[in-house]
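# What the coordinates show
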Amino acid sequence: METTAEAVGRTIDGYLRADFPWYALDEAFTGHRWLTPPGISAEGTTEHGAVGHGDEPSVKVDDTPDTRRFTVVVSVAPRPLRRSTDGTGTIEATSVATAAWLAGSGLLSCTWPTHMERHLREDWLEQQTAIAWELADDLSGPGWSSLTLPVNGEPTPFHYRESEYGWVLAGTARGAHLGAYGRGISAYGLGLAVVKDIAAHDG
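Let me begin by describing the structure that accompanies this report. (Residues numbered from 1 in each chain as written. Predicted model: local features only at pLDDT ≥ 70, side-chain atom pairs only at ≥ 80, totals over all residues. Heavy atoms only, no water.)

### Re the overall build of the protein chain
Short version of the rule: A run of DSSP states H or I qualifies as a helix once it reaches four residues; a run of E qualifies as a strand once it reaches two. Both are numbered from the N-terminal end. Classification of residues uses two cut-offs on accessible area relative to the type maximum, computed with a 1.4 Å probe and protein chains only: under 20% is buried, over 50% is exposed, and between them is partly exposed. We call two residues contacting when some pair of their heavy atoms lies within 4.5 Å. Computed with the Shrake-Rupley method and a 1.4 Å probe, the accessible areas treat only the protein chains shown as cover for residues.
Counting its regular elements, the protein chain contains three helices and 12 strands. By residue count, 44% of the 203 residues in the protein chain fall in the buried class. Looking at the protein chain alone, contacts between residues at least 24 apart form 58% of all its contacts between residues at least 6 apart. Of the accessible surface of the protein chain, which amounts to about 11200 Å², a share of 53% is contributed by carbon and sulfur atoms.

### Structural notes on the side chain of Ser75
The condition that has to hold: Pairs of N or O atoms are called polar contacts if they sit within 3.5 Å, as long as, within protein, a hydrogen donor faces a hydrogen acceptor (for residues adjacent in sequence, only side-chain-to-side-chain pairs).
Looking at the element boundaries, Ser75 is found in strand E5 (residues 70-76). A polar contact is formed between the side chain of Ser75 and the backbone nitrogen of Tyr23, at a distance of 3.0 Å. Setting aside its immediate chain neighbours within four residues, Ser75 contacts Phe20, Pro21, Trp22, Tyr23, Glu47, His48, Gly49, His177 and Leu178.

### Concerning the side chain of Thr94
You can see Thr94 is positioned in the loop between strand E7 (90-91) and helix H2 (96-109). By relative accessible area, which is 18% here, Thr94 ends up buried. A polar atom in the side chain of Thr94 sits 2.7 Å from the backbone nitrogen of Arg79.

### Here's the deal with the pattern of salt bridges
This is how it is decided: Each salt bridge in this description consists of a side-chain nitrogen of Lys or Arg and a carboxyl oxygen of Asp or Glu lying within 4 Å of one another.
According to the stated counting rule, one finds three salt bridges in the structure shown. Two residues, Asp19 and Arg79, come together in a salt bridge whose shortest N-O distance is 3.0 Å. With Asp19 in the loop between helix H1 (4-16) and strand E1 (23-25) and Arg79 in the loop between E5 and strand E6 (82-83), this residue pair connects regions lying 60 residues apart in the sequence. Looking at Arg79, the relative accessible area reads 14%, which means it is buried. Between Arg79 and Glu47 there is a salt bridge; the shortest N-O distance is 3.0 Å. A residue pair is termed long-range when its members are at least 10 positions apart, and Arg79 in the loop between E5 and E6 and Glu47 in strand E4 (residues 46-54) qualify at 32 residues.

### With respect to the nonpolar core
Here is the rule we go by: Each nonpolar core is a collection of buried residues, namely Ala, Val, Leu, Ile, Met, Phe, Trp, Tyr and Cys, held together in the definition by side-chain atoms within 4.5 Å.
The biggest cluster of nonpolar side chains holds 29 residues, and the ones touching the most others in it are Leu169, Leu178 and Leu192. Core analysis: the next-biggest nonpolar cluster, separate from the first, contains 19 residues, Ala50, Val74, Leu107 and Trp144 among them.

### Points about the packing of aromatic side chains
In plain terms, the rule: Each aromatic pair joins two rings of Phe, Tyr and Trp (for Trp, the six-membered one) with centres within 6.5 Å, and gets the label stacked for planes under 30 degrees apart, edge-to-face for over 60, and tilted for any other angle.
Tallying each qualifying case throughout the model produces five aromatic pairs. Ring geometry for Tyr160 versus Tyr188: centroids 5.5 Å apart, planes at 70 degrees, classification edge-to-face. On the criterion of sequence distance, the pair formed by Tyr160 in strand E9 (residues 154-163) and Tyr188 in the loop between strand E11 (176-183) and strand E12 (192-194) is long-range, its members being 28 residues apart. When its relative accessible area of 3% is taken as the criterion, Tyr160 is described as buried. Ring pairs connect the aromatic residues Tyr15, Phe20 and Trp22, which therefore count as one cluster.

Functional significance is not addressed by these values, which are geometric in nature.
Rendered as structure tokens:
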């Protein structure tokens, strides 16, 4: 069975091997930071990951209101349409929609209603996941508005939406597609920046 130290080491290794920059909230945020497990392809390439800020998600089933406050910044490798390594097909290019989908599903994963019965919760997650995918695939649609935030000090446009569970945004910065989601911390006024030392963000 994998130990906590081994899991942390595997997470850090995936981030350190990435061939694209990682983004997080800028130095104005002075609270707790943490890393999510990175997305690794079948070929062992790091494809995406996220830096969390504030309260970490909990898997505890609790009937009390969720008072956690957090913002999670997702970085996605900019990949073109390409053939799979085994030559049997193609792998879709990544885009802002990819970042929007990862952010939307990330928000669902840590805000699902724990008070629901299990089978109702599964139906809810399936329904909300489908909605998140449809929204990510229609960034110019009415489900999104515009929000400009500084990224490395430069004004950068994002697609933005809110729901009763929190907010999601998606855009592109130098070297990566960006997504973000949060709850209890407003997206307005946030600033993003390239992470100088990704290992320092774990714990």
